[in-house]
Amino acid sequence: MKKGQILEGVIKKVRFPNEGIMEIPGEERRVIVKNTVQGQRVRVMVQKLRKSRAQGRLLEVIEKAPGEIEPACPHFGFCGGCTYQNLPYARQLEIKAAQIREIMQEAFNDGCAWEGIIPSPVQEGYRNKMEFTFGDEYKDGPLALGLHKRDGFYDIVSVSNCRIADGDFMSILACTLEWAAQSGLPYYHRSSHKGYFRHLLVRKAAKTGEILAALVTASGGAETRCVEAEREAEILKQWTERLLALKLNGKISGILHTVNNSAADAVKDEGTAVLYGQAYFYEELLGLKFKITPFSFFQTNSLGAELLYEKTREYAGDTRDKAIFDLYSGTGTIAQVLAPVAKRVTGVEIVPEAVQAARQNAMQNGLENCFFHAGDVLKAVDDLKERADLIVLDPPREGVHPKALEKIMAFDAERIVYISCKPTSLARDYEIMRAGGYIAERLACVDLFPGTAHVETICQFNRKKGTGG
């Protein structure tokens, strides 16, 4: 086997989150191929070689897998957003459940109860937030607005018929793309760091139907200026008027303009102006009301999030008169779901804007026993002097810092509920928690991301008897 070689074979297995494994007769190395399904016969090109494996790029699916279906999305295979839209939903759930069981095998060996995977209430149009990028579909092609092309950093697919985004998003995307093309202004080139249009951020509440739309552009700095202030004001006014004229199922609460001059290809807020309405909207979950701002964290599947938080309450158990820590608390959603019968809930979150929103949400919901601190969990837990009966962890994808986890376990909470969007991080942290005196009791998954390779995993840990303070 050598780099650049073209190989054919059958995908024997798919590992989380998106790694097909192809075995070649007579070859010791296995070939890892993304965006494949178990049972497909594929043609791939070897890109990288390692001692025990190779990485290949999918060139063609020669034969479909048993049970594979025609994807409803016309962008599937070109857009990098989805992986499993060519499989029936029941089969998607089976794959995700099997992957989680394999990853968490040590926990099951220790007697952890597997409680299965909970389906999303909706499989299409479930995303309440999308970040679209300006670019071109091919070098020097016409202006595009959408998602990155699969396996492509520069090329953009205009996803005008995306199946997982709310339908109103497609209307806003089409309107914005047409307006931007007519303006004659260039998109921001990620290589030269010059240009104007960067991103379109859209959010919508599933329950209230309120919508926020934010246009992200470069500012008037010397490196990026391509429009004078007066003209910029006029074209932003035109965009606002066009959006307000759209016939949408929801209602626009705010239209915003965000400046971002950072070199990174990510949405970053370096100043936001309100062009219409307000810079927030409200969503409702489990009878509580939450204020959502453009850049605050909130689960992207609102209806699925209700199932996840119901499971969290179940795993938390009886919280009456108990002190709870909600670490990596975001806008305080979990804290407030648990707060009504708890003695006290303390949240820690590194994003100051999210902490401010959490405090406002708690006040809005009449919860006087919720307290939120801004800071990195690794350091902020040192300032938490009270004892916790229950700790909820909902960390970012990389999981909990090992030193932070040691500090968290030192509180000797009777129970820890760990929510993970990356089960391999949970499996790694499980080893530390088991060594620290905690045992996994129950584990389940909630599918918040139909059509994709991702899934939320939730695990209940109890402190072993005879350990702790």
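Here's a quick rundown of the structure.

1. Structural notes on the state of the cysteines
By the definition in use, this model includes 0 disulfides. A disulfide-free cysteine, C162 has its sulfur positioned 5.8 Å from the sulfur of C73, the nearest such atom. Summary of cysteine pairing: C421 is not part of a disulfide, and the nearest cysteine sulfur, belonging to C445, is at 12 Å.

2. With respect to the pairing of strand β14 (residues 281-285)
Extensive coverage of β14 is indicated by the burial of 4 of its 5 residues. Both β14 and strand β15 (residues 288-292) contribute to a ladder of 5 bridges, which runs antiparallel. If you follow E284 over to β15, its bridge partner there is K289. Hairpin geometry of β14 and β15 is characterised by an intervening segment of 2 residues between the two adjacent antiparallel strands and by a positive phi of about 50 degrees at L286.

3. With respect to the sheet that holds strand β8 (residues 143-148)
For sheets, the rule is that strands pair by backbone hydrogen bonds, running either parallel or antiparallel. Taken in spatial order, the 7 strands of this open sheet run β9-β8-β7-β10-β11-β12-β13, and their pairing is mixed. Both edges of this open sheet fall to β9 (156-157) and β13 (272-277), since each of them pairs with a single strand only. Across 7 bridges, strand β10 (residues 197-204) lies against strand β11 (residues 210-217) in antiparallel orientation. When the sheet's bridge partners are listed, H199 is paired in β11 with V216. Each of β7 (129-136), β8, β10 and β11 is contacted by helix α3 (residues 167-183), which is oriented at about 155 degrees to β10, the strand it contacts most. Those strands touched by helix α4 (residues 229-244) are β10, β11, β12 (251-259) and β13, and its axis lies near 155 degrees from that of β12.

4. Observations regarding unusual backbone geometry
Peptide bonds are mostly trans, and most non-glycine residues show a negative phi. With an omega of 0 degrees, the peptide bond between F16 and P17 qualifies as cis. As for its placement among the helices and strands, P17 is situated in the loop between β1 (6-15) and β2 (19-23). Even without a glycine there, the phi angle at Y328 is positive, about 65 degrees. For Y328, the position within the fold is in the loop between β16 (323-327) and α6 (333-338).

5. Quick notes on α4
An ideal rise of 1.5 Å per residue puts 22 Å on 16 residues; α4 measures up with 23 Å between its terminal C-alpha atoms. Residues of α4 that are buried include every one of E232, I235, L236, W239, T240 and L243, and no others. The arc that holds the buried residues of α4, viewed along the axis, is 145 degrees, so those residues lie on one side. Of the surrounding secondary structure, the elements contacted by the buried residues of α4 are α3, β10, β11, β12 and β13.

Procedures and definitions
- Residues numbered from 1 in each chain as written.
- Predicted model: local features only at pLDDT ≥ 70, side-chain atom pairs only at ≥ 80, totals over all residues.
- Heavy atoms only, no water.
- Disulfide = S-S within 2.5 Å.
- Buried < 20%, exposed > 50% of the residue type's maximum accessible area, 1.4 Å probe, protein only.
- Helix = DSSP H or I, 4+ residues; strand = E, 2+ residues; numbered from the N terminus.
- Pairing = 2+ DSSP bridges.
- Contact = heavy atoms within 4.5 Å.
- Axes fitted to C-alpha atoms, helices over the stretch in contact; angles between N-to-C directions.
- Expected span 1.5 Å × (residues − 1).
- Arc of directions from axis to C-beta.

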